[in-house]
Amino acid sequence: MQANGAGGGQQQQQQPPQGPELGCLGAQNGEASAGTAAGEQLAHANGLLPSANSGGGSPGGLSVNNGVPAAGGPGTAAAELGGGGGSALKKKKRLSQSDEDVIRLIGQHLHGLGLNQTVDLLMQESGCRLEHPSATKFRNHVMEGEWDKAENDLNELKALVHSPHAIVRMKFLLLQQKYLEYLEDGKVLEALQVLRCELTPLKYNTERIHVLSGYLMCSHAEDLRAKAEWEGKGTASRSKLLDKLQTYLPPSVMLPPRRLQNLLRQAVELQRDRCLYHNTKLDSNLDSVSLLIDHVCSRKQFPCYTQQILTEHCNEVWFCKFSNDGTKLATGSKDTTVIIWQVDPDTHQLKLLKTLEGHAYGVSYIAWSPDDNYLVACGPDDCSELWLWNVQTGELRTKMSQSHEDSLTSVAWNPDGKRFVTGGQRGQFYQCDLDGNLLDSWEGVRVQCLWCLSDGKTVLASDTHQRIRGYNFEDLTDRNIVQEDHPIMSFTISKNGRLALLNVATQGVHLWDLQDRVLVRKYQGVTQGFYTIHSCFGGHNEDFIASGSEDHKVYIWHKRSELPIAELTGHTRTVNCVSWNPQIPSMMASASDDGTVRIWGPAPFVDNQDIEEECSSMDS
């Protein structure tokens, strides 16, 4: 029998036992069988086998080195721990710095689980140290609320801290906790003593000291905890205090809190970020993922497959837009109608809900009110009218026209849902109420597309000068935000108001950062001439971008990648508009000059084998 891995990885041959009185010995995968003749029993302790001795020189005795049992007895030459009896000690292989770091991380995690004996064994066998002895002593005194001892510990830690100011900050945090605990216990005089004689002389963060002094007026403990935003005396607040204190100590002295979990979480998030098709809600909880395999999503789980073709329009479909709650889809067509479709929450199939008729010029733009109760429809360039519909009743609330010379081709709702702005290429745009009454107007702007920012004050408008400007109706100021070299045919804004997605004539789809006013990315693949094509953000966290194209396709990009991750075919003419369902990340709609609206979703049947094959192709 061979004992493998003990003392430097060398193998030693054991002599066969002499006579039936010797028990059977075995060591396989870290397990040992006891000799029945001697009546031995071996116990597993957290995966480690302790040294067993049957007493009286029994030949069945076992000793353990690095978790591997070695047999001892007459006629055997085995390495024993303890260094007695002429045994040859093998030198342990010196651990690398990364190995020591890993052992410390594992030890910290096991300690957090309460497996303290296992941690002790791990540190003892590896020769590592979980943290500096002074740090251990400091930690214990903080958790036990022994503040004077904890302050004394700081003197020992002073030599281990890089910044001389760190000790003052750490002392301030300690005294702050001490002060709050005195107050909670009703020891006002002691608290006042800490404030005057200990905190104030530090001459650090006097503003915070003024705030702390105000807590003396708290009438009861609940009031104190609420005003101080503090958990109260006990393990929770002291653990948080330790987390803050650790930031001033080098990791060689005391590990950052929950370091292993944080590293694993970062690894999971990085894999998600690199996954081109990740389209599910981000969850920072490690329990929601498997750490045993790499994260990957399949293209078959992505909205790349036609789920339904809507054919009720009888002419070119110019626009489509999901409602904010994702339960409805509105489509506008050259056939003079708007159709509202209901989304089944279970099957994700759409059925016709209402048809809104009478748009003589056709419908080229649609905007849902923030509460989805109203819908505004606009026509093409030569249309001077705008329709405001009540979605619930299907009734026309307002038909607005300021002048027959107007061109009302775009509209955007104010976030309050009580106003909207509309305009076109004839030289002005307006702010109106729900009854079509004119509230404000801005002259001299030939508008191509409009958007209201979440501040409720600023309107973004793309104009015929190949730019997007911001207009403030309150202080009547305007400023340049985006400047392109070619006409901006349409644009849309991300939910957070930071990014703008532009369809630029002859150039394609561009992504701009509105805050920094820089062009972030130009997306490749799409065919864009001088037709108005509407693109969109979509998916969970708006990580994706989709656009129609004059080559009859729908293109999808990951926001951070210039090359498309999907090209969807099926339409037979120009795709004018794409809309991603804001509540169902796996659903998307596209409207085309071929007279149809296509609903896109995941592959109908997805099994594990398909996903594995897809992963392999992605890896290659």
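None of the values given here were measured: they were computed from a predicted structure.

### Topic: the overall build of the protein
Link 1 in the chain: Each helix and strand counted, the protein has 11 helices and 34 strands in total.
Link 2 in the chain: Per-residue burial for the protein yields a buried fraction of 45% across its 620 residues.
Link 3 in the chain: Taking the intrachain contacts of the protein between residues at least 6 apart in sequence as the baseline, contacts between residues at least 24 apart amount to 46%.
Link 4 in the chain: Summing over all exposed atoms, the protein offers an accessible surface of approximately 31300 Å²; the carbon and sulfur share of this is 48%.

### A short note on the pattern of salt bridges
Link 1 in the chain: One pass over the structure, following the stated rule, counts 22 salt bridges.
Link 2 in the chain: Note that Asp223 and Lys227 form a salt bridge whose closest N and O atoms lie 3.6 Å from each other. Of this pair, Asp223 and Lys227 both sit in helix H8 (residues 221–228), four residues apart, which is roughly one turn of the helix.
Link 3 in the chain: For Lys240, the salt bridge identified is with Glu231, shortest N-O distance 2.5 Å.
Link 4 in the chain: By relative accessible area, which is 48% here, Lys240 ends up partly exposed.
Link 5 in the chain: Several salt bridges converge on common partners, so that one network encompasses Asp148, Lys178 and Glu198.

### Points about the side chain of Ser364
Link 1 in the chain: Structurally, the position occupied by Ser364 is in the loop between strand S11 (350–356) and strand S12 (365–368).
Link 2 in the chain: A distance of 2.8 Å separates a polar atom in the side chain of Ser364 from the backbone oxygen of Gly379.
Link 3 in the chain: Once residues lying within four places of it in the same chain are set aside, the contact partners of Ser364 are Trp318, Phe319, Cys378, Gly379, Pro380, Thr409 and His534.

### A closer look at the environment of Ile556
Link 1 in the chain: You can see Ile556 is positioned in strand S30 (residues 554–558).
Link 2 in the chain: In this structure the C-alpha to C-alpha distance between Ile556 and Ser535, which are 21 residues apart in sequence, comes to 9.8 Å.
Link 3 in the chain: Excluding its chain neighbours within four sequence positions, the residues that come into contact with Ile556 are Phe302, Pro303, Phe544, Ile545, Ala546, Pro564, Ile565, Ala566, Leu568, Trp580 and Met588.

### Structural notes on unusual backbone geometry
Link 1 in the chain: One non-glycine residue with positive phi stands out, namely Asn205, at about 55°.
Link 2 in the chain: Relative to the assigned elements, Asn205 resides in the loop between helix H6 (188–199) and helix H7 (206–214).
Link 3 in the chain: Taking the relative accessible area as the measure of exposure, Asn205 reaches 35% and is therefore partly exposed.
Link 4 in the chain: A positive phi angle, near 50°, is found at Glu229, a position not held by glycine.
Link 5 in the chain: On the secondary structure map, Glu229 appears in the loop between H8 and helix H9 (235–246).
Link 6 in the chain: A relative accessible area of 73% places Glu229 in the exposed class.

### Here we look at helix H3 (residues 133–143)
Link 1 in the chain: Among all positions of H3, only Ser134, Ala135, Phe138, His141 and Val142 are buried. One face of H3 carries all of its buried residues, which in axial projection span an arc of 130°.
Link 2 in the chain: Structurally, H3 contributes buried residues whose contacts are with helix H4 (147–157), helix H5 (164–184) and H9.
Link 3 in the chain: Looking one or two places after H3, you find Gly145, whose phi comes out positive at around 75°.

### Considering the sheet that holds strand S28 (residues 536–538)
Link 1 in the chain: Sheet architecture is open: four strands sit in the order S28-S29-S30-S31, paired in antiparallel fashion. The open sheet terminates on both sides in strands that have one partner only, identified here as S28 and strand S31 (566–568). Each strand axis lies, on average, 25° off the axis of its neighbour in the sheet, ignoring direction.
Link 2 in the chain: With four bridges joining them, strand S29 (residues 544–547) and S30 adopt antiparallel strand pairing. Bridging from a neighbouring strand, Phe544 pairs with His558 of S30.

### Quick notes on the UniProt feature "repeat: WD" (unreviewed entry) in the protein
Link 1 in the chain: The feature "repeat: WD" (unreviewed entry), as given by UniProt, occupies residues 310–344, 356–387 and 568–600 in the numbering adopted here.
Link 2 in the chain: Between the C-alpha atoms that bound residues 310–344 there is a distance of 15 Å. The span itself is 0% helix and 54% strand.
Link 3 in the chain: When the span residues 568–600 is considered, its composition is 0% helix and 48% strand, and the gap between its end C-alpha atoms is 9 Å.

### As for the side chain of Arg238
Link 1 in the chain: Positionally, Arg238 belongs in helix H9.
Link 2 in the chain: Given the relative accessible area of 9%, Arg238 is considered buried.
Link 3 in the chain: Beyond its immediate chain neighbours, meaning those up to four positions away, Arg238 contacts Val142, Met143, Glu144, Gly145, Trp147, Gln177, Glu181 and Lys233.

What counts and how
- Residues numbered from 1 in each chain as written.
- Predicted model: local features only at pLDDT ≥ 70, side-chain atom pairs only at ≥ 80, totals over all residues.
- Heavy atoms only, no water.
- Helix = DSSP H or I, 4+ residues; strand = E, 2+ residues; numbered from the N terminus.
- Buried < 20%, exposed > 50% of the residue type's maximum accessible area, 1.4 Å probe, protein only.
- Contact = heavy atoms within 4.5 Å.
- Areas by Shrake-Rupley, 256 points an atom, 1.4 Å probe, with all protein chains shown as cover.
- Salt bridge = Lys/Arg side-chain N within 4 Å of Asp/Glu carboxyl O.
- Polar contact = N/O pair within 3.5 Å; in protein donor to acceptor, adjacent residues only side chain to side chain.
- Arc of directions from axis to C-beta.
- Pairing = 2+ DSSP bridges.
- Axes fitted to C-alpha atoms, helices over the stretch in contact; angles between N-to-C directions.
- UniProt positions renumbered as here; feature names shortened; annotations may be inferred.

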